[in-house]
Amino acid sequence: MLRSLLPFFFALDLCAQGIPLAEYASRREALRKALPDGVVVMWALQPPPDISDRNGQFQEPYFYYMSGWTQANAALLLCAACPDELKEVIFLPKRNERKEIFEGHQVAAADVDAKAKTGFRTVMSIEKLESTLRRALEDGERVYTLFDLRETGLAKIAPLREIKDIRMPINRLRVKKSPAELELLQGAVDASVAAHLESWTMTKPGLHEYEVATGMLQTYLSKGCERSAYPPIVGSGPNSVVLHYFANKRRMDAGDVMVLDVAGECSAYAADITRTIPVNGKWTARQKQVYLMVLGAQEAVMAAAKPGVMLKDLTKVARDYFNKQGNGPNGKPWGTYFTHGVGHHIGLDVHDPFDPELPLGEGAVITVEPGLYVPEENIGVRIEDMVLITKDGAKLLTAALPRDPDEIERRMKH
Ligand code: GLY
Ligand code: MN
Ligand code: MN
């Protein structure tokens, strides 16, 4: 039964929703330019025959970024120094009628429209990969691939070549979001903001955390998102201090705060948004005091975020801000209650890869998510927003979701 659902888990449209194939071609051109002596070989998802029933199948994100291709068992080759027909090749598996009964129509190299459908200059059958790679190696010196088990196979084909990891050169492209990517990210943000607003109208003492999680999930799925960007974290009272609390089982009480770190993935792009709210719609003085410190730290980080700044420096901005607020209940500075980094890149992956040696640049999208976690008082507060790094600062993408604690109280009155 479950197997018959597979086509729904695996995005059916053959090119990425919303991103023109020409944009993928220009990404490949940029990668070839960055690696003038390299031959890049990458494999798409190679699903084992039967274990996809539980979670579905998702395209390998680096392969997806370079191709927009959603079907499994493909491969690609890029070679800057090669003749035109080998500059960029996608290799597709042969047509398999049995597989198509389960998964729907699959594009194959023999199809007359294979080039138009893939956007690649050259489309070949996957069996041609080895011989084509050997030809490409006549012109390219180094081999770049995603490091995993298949590199051993590459080492047999090219025993005298240096084999390098392709991740970092692609990371340097992935950090700068294109206008089309920003539009998709904004779509994921808008659907997730709607989910948070829904949670504020639902939440009341006596409800279970999973009921709120369900209401949020329903909201972003109903707006076209395909799944959660990460498992929803809905932690009330003592669970509010657990950073990655996924159980969502507790019945919430009046007087609890609740951390809602919940967002959708829409058209393959992730959102990541956290709000902390009082379960009964009214902050205690202590909860509000902690909340305002976190909000102040977030404002300080957003004001400091701009091109040229390192992510780790932004974490220091937040910690310094907290430390200036005096001491928490253990007599140690408030900064000791801030137990994680202040943000990360976001895009196709909720924790999008980046080059840690490089500072932020224009076009990067990051989260800004300071938090204070006080287990002694069952108070955890995290506020997480997404910002776009602009020419000289940062633009808030999640501005439609209030952060002001009084505004949250007003919105929760119903
Ligand atoms: N939701 C995971 C994170 O905030 O990084
Ligand atoms: Mn995050
Ligand atoms: Mn988060």
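Provided above is the structure to which this section pertains.
Please read all numbers here as calculations on a predicted model, not as lab measurements. (Residues numbered from 1 in each chain as written. Chains lettered and ligands numbered in written order. Predicted model: local features only at pLDDT ≥ 70, side-chain atom pairs only at ≥ 80, totals over all residues. Heavy atoms only, no water.)

## Observations regarding the site of ligand 1
The criterion, for reference: Any residue with a non-hydrogen atom lying within 4 Å of a molecule or strand is treated as near it. Any N or O atom pair separated by 3.5 Å or less is treated as a polar contact, with the protein-specific requirement of one donor-capable and one acceptor-capable atom, and with residues adjacent in sequence counted only for side-chain atom pairs. Under the scheme applied here, ten amino acids are nonpolar (Ala, Val, Leu, Ile, Met, Phe, Trp, Tyr, Cys and Pro), four are charged (Asp, Glu, Lys and Arg), and all others, including Gly, are polar.
Neighbouring ligand 1 are Tyr-230, Asp-261, Asp-272, His-344, His-351, Glu-369 and Glu-384. Between Asp-261 and ligand 1, the recorded distance is 3.2 Å, taken from a side-chain N or O atom to a nitrogen atom. Grouping the constituent residues of the shell around ligand 1 by class yields one nonpolar, two polar and four charged.

## A few points about the sheet that holds strand β17 (residues 394-396)
Strands belonging to one sheet form pairs held by backbone hydrogen bonds; the direction of such a pair is parallel or antiparallel. Counted only if it meets this: Only strands that DSSP links by at least two bridges are regarded as paired with each other. Helix and strand assignments follow DSSP, with helices taken as H or I runs no shorter than four residues and strands as E runs no shorter than two, numbered in order from the N terminus. Here an axis means a line fitted to C-alpha atoms, over the contact stretch when the element is a helix, while the angle between two N-to-C directions is reported on a 0 to 180 degree scale.
Reading across the sheet, the three strands line up as β13-β16-β17 and stay open at both edges, with antiparallel pairing between neighbours. One side of each edge strand has no neighbouring strand; the edge strands of this open sheet are β13 (365-368) and β17. Sheet twist, expressed as the average angle between the axes of neighbouring strands with direction ignored, equals 40°.

## Overview of helix α10 (residues 209-222)
Note the cut-off: The length a helix should cover is 1.5 Å for every residue beyond the first. The cut-offs for exposure are 20% and 50% of the maximum accessible area for each residue type, with area from a 1.4 Å probe on protein chains only; residues under the lower value are buried, those over the upper are exposed, and the others partly exposed. Think of it as the arc spanned by the lines of direction from the helix axis to the C-beta atoms. Should any heavy atoms of two residues lie within 4.5 Å, those residues are counted as being in contact.
Under the 1.5 Å per step criterion, the end-to-end length of α10 is 20 Å for 14 residues, consistent within 8% with the ideal 20 Å. All of the buried residues along α10 are Glu-209, Val-212, Ala-213, Gly-215, Met-216, Thr-219 and Tyr-220. Buried residues in α10, looked at end-on, bunch into an arc of 160°, giving them a common side. α10 presents Gln-218 and Ser-222 as exposed residues on the side facing more than 90 degrees away from its buried surface. Among the structural elements, α9 (179-202), β7 (227-228), β8 (233-236), β9 (257-261) and β10 (264-266) are those in contact with the buried residues of α10.

## Considering the sheet that holds β7
Strand order in the open sheet formed by three strands is β7-β10-β11, with antiparallel pairing between adjacent strands. Of all the strands in the sheet, the pair left with one neighbour each is β7 and β11 (269-270). For β10 and β11, the ladder comprises two bridges, and the chain directions are antiparallel. Paired with Cys-266 across the strands is Tyr-269, a residue of β11.

## Some remarks on the state of the cysteines
The criterion, for reference: For this text, the term disulfide refers to a pair of cysteine sulfurs within 2.5 Å.
Evaluation of the coordinates by the stated rule reveals two disulfides. One disulfide bridge connects Cys-79 with Cys-82, the sulfur atoms lying 2.1 Å from each other. Residues Cys-79 and Cys-82 are joined by a disulfide whose S-S torsion is about 80°; by sign, that bridge is right-handed. Each of the two residues, Cys-79 as well as Cys-82, counts as buried. Through a disulfide, Cys-225 is tied to Cys-266; the S-S separation comes to 2.0 Å. Disulfide Cys-225-Cys-266: torsion about the S-S bond near 60°, hence right-handed. Taken together, the positions of Cys-225 in the loop between α10 and β7 and Cys-266 in strand β10 put the pair 41 residues apart, joining distant regions of the chain.

## Some remarks on the coordination of the manganese ion (ligand 3)
Think of it this way: four donors in a tetrahedron around the metal ideally sit 109.5 degrees apart, and six in an octahedron ideally sit 90 or 180 degrees apart. Stated precisely, the cut-off is as follows: The donor definition counts N, O and S atoms within 2.8 Å of each metal and applies 3.2 Å to Na, K and Ca; water is not among these atoms, so some sites may look incomplete. Metal sites are grouped by the angles between bound donors: all angles between 85 and 135 degrees with four donors is tetrahedral, opposite donors over 155 degrees apart with the others between 65 and 115 is square planar for four donors and octahedral for six, and any other pattern is irregular.
Here the manganese ion (ligand 3) is held by Asp-261 (OD), Asp-261 (OD), Asp-272 (OD) and Glu-384 (OE), and the distances to it run 2.1 to 2.5 Å. For the manganese ion (ligand 3), the six donor atoms in the first shell make angles of 55 to 170° at the metal, so the coordination geometry reads as irregular. Positions of the donor residues of the manganese ion (ligand 3), expressed as sequence spacing, correspond to D-x10-D-x111-E. The distance between the manganese ion (ligand 3) and the manganese ion (ligand 2) comes to 3.4 Å, with Asp-272 serving as a donor to both metals. Of the two residues, Asp-261 sits in strand β9 while Asp-272 sits in the loop between β11 and β12 (274-278), which places them 11 residues apart along the sequence. Note on accessibility: Asp-261 and Asp-272 belong to one class, buried.

## Regarding the packing of aromatic side chains
Heads up, the rule is: In summary, the pairing rule links any two rings of Phe, Tyr or Trp, Trp by its six-membered ring, whose centres are within 6.5 Å, and it sorts them by plane angle into stacked for under 30 degrees, edge-to-face for over 60 and tilted for everything else. Look at NZ for Lys and CZ for Arg. If either is within 6 Å of the ring centre and within 35 degrees of the ring normal, a charge sits over the ring.
All told, the structure shown has four aromatic pairs when counted by the stated rule. Summarising the aromatic geometry, the rings of Tyr-321 and Phe-322 are spaced 6.3 Å apart at their centres and angled 75° between planes, so their arrangement reads as edge-to-face. Directly above the ring of Tyr-65 sits Arg-27, whose terminal nitrogen or CZ lies 4.0 Å from the centroid.

## Here's the deal with the coordination of the manganese ion (ligand 2)
With distances of 2.0 to 2.2 Å, the protein atoms coordinating the manganese ion (ligand 2) are Asp-272 (OD), His-344 (NE2), Glu-369 (OE) and Glu-384 (OE). The site at the manganese ion (ligand 2) holds six donor atoms, and with the angles between them running 51 to 158°, its shape is irregular. Every donor residue of the manganese ion (ligand 2) comes from the same chain, spaced as D-x71-H-x24-E-x14-E.

## Side note on the pairing of strand β4 (residues 122-125)
Covered by surrounding structure in β4 are Thr-122 and Met-124 together with Val-123 and Ser-125, the residues of both alternating faces. Bridge count between strand β3 (residues 88-92) and β4: four bridges; the pairing is parallel. Each bridged residue has a counterpart across the sheet, and for Leu-92 the counterpart in β4 is Ser-125.

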